[in-house]
Amino acid sequence: MSSMHRTVEGDVLLHHLSQDEWMIDAELLARSGRSARTLVKEGPLRLTLLALAPGGDLPEHSTDGPVSIHMLRGDAVFRALDKEYELGTGDILALAPGVRHAATSAQGCSFLLTLVHNPSAGSPAPAA
């Protein structure tokens, strides 16, 4: 299901994460080891549901804004600043802007990624 057919911005949004989890593209998850669905894209706020297949990984990267990861199902190991953080269901990890991080999941997992998107130079200004 494309983001174009879902409401991802507005004054009030309600998501039932156990149901939203079904929106993960199972074929993409099987093929690439990961899949994601944006749930909220409002101003600088982004909430994205991500899934890693068993043995799947999230390559190392960083963002310009702060990030939180809330593990919904399964477990994963996140790596940041030369340390490993084992997350299980219900755990939350918060990262400061610019912290490079990566993840792997031996058994598969799903988590809610929340980040504050700082537009880069040259990005269009929001409509007034």
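Criteria and cut-off values
Residues numbered from 1 in each chain as written. Predicted model: local features only at pLDDT ≥ 70, side-chain atom pairs only at ≥ 80, totals over all residues. Heavy atoms only, no water. Core = buried A, V, L, I, M, F, W, Y, C linked by side-chain atoms within 4.5 Å. Buried < 20%, exposed > 50% of the residue type's maximum accessible area, 1.4 Å probe, protein only. Helix = DSSP H or I, 4+ residues; strand = E, 2+ residues; numbered from the N terminus. Contact = heavy atoms within 4.5 Å. Pairing = 2+ DSSP bridges. Axes fitted to C-alpha atoms, helices over the stretch in contact; angles between N-to-C directions.

A. Representation of the nonpolar core. In this structure, Ile 69, Met 71, Phe 78, Leu 95, Phe 111 and Leu 113 are the most contacted members of the largest nonpolar core, which totals 18 residues. At the level of secondary structure, the elements contributing two or more residues to this core comprise β2 (45–52), β4 (67–74), β5 (76–80), β7 (92–95) and β9 (109–116). For this core, the element with the most residues is β9, which contributes 4 residues. Once you skip the residues sitting within four places of it in the chain, Ile 69 turns out to touch Phe 78, Leu 87, Asp 91, Ile 92, Leu 93, Leu 95, Phe 111, Leu 112 and Leu 113. Met 23, Val 40, Leu 47 and Ala 51 belong to the second largest nonpolar core, which has 10 residues in total.

B. Representation of the sheet that holds β7 in the model. Strands sit in the order β1-β2-β9-β4-β7 across an open sheet of 5 strands; the sheet is antiparallel. The open sheet terminates on both sides in strands that have one partner only, identified here as β1 (34–42) and β7. Each strand of the sheet is rotated relative to its neighbour by a mean of 20°, with strand direction disregarded. Here β2 runs beside β9; their pairing, made up of 8 bridges, is antiparallel. Looking across to β9, one finds that Thr 48 is bridged to Leu 113.

C. Layout of the sheet that holds strand β6 (residues 83–87). As summarised here, the arrangement of the 4 strands in space is β3-β8-β5-β6, forming an open sheet in which the pairing is antiparallel. Both edges of this open sheet fall to β3 (56–61) and β6, since each of them pairs with a single strand only. The sheet shows a mean angle of 15° between the axes of neighbouring strands, taken without regard to direction. The pairing of β5 with strand β8 (residues 101–105) spans 4 bridges and is classified as antiparallel. Residue pairing across strands places Phe 78 opposite Ala 103, the latter belonging to β8.

D. Region of the structure containing the pairing of β1. Sheet topology note: the β1/β2 ladder contains 8 bridges and is antiparallel. Its bridge partner lying in β2, Val 40 is registered against Leu 47. Between the antiparallel neighbours β1 and β2 lie 2 residues, among them Gly 43 with a positive phi of about 55°.

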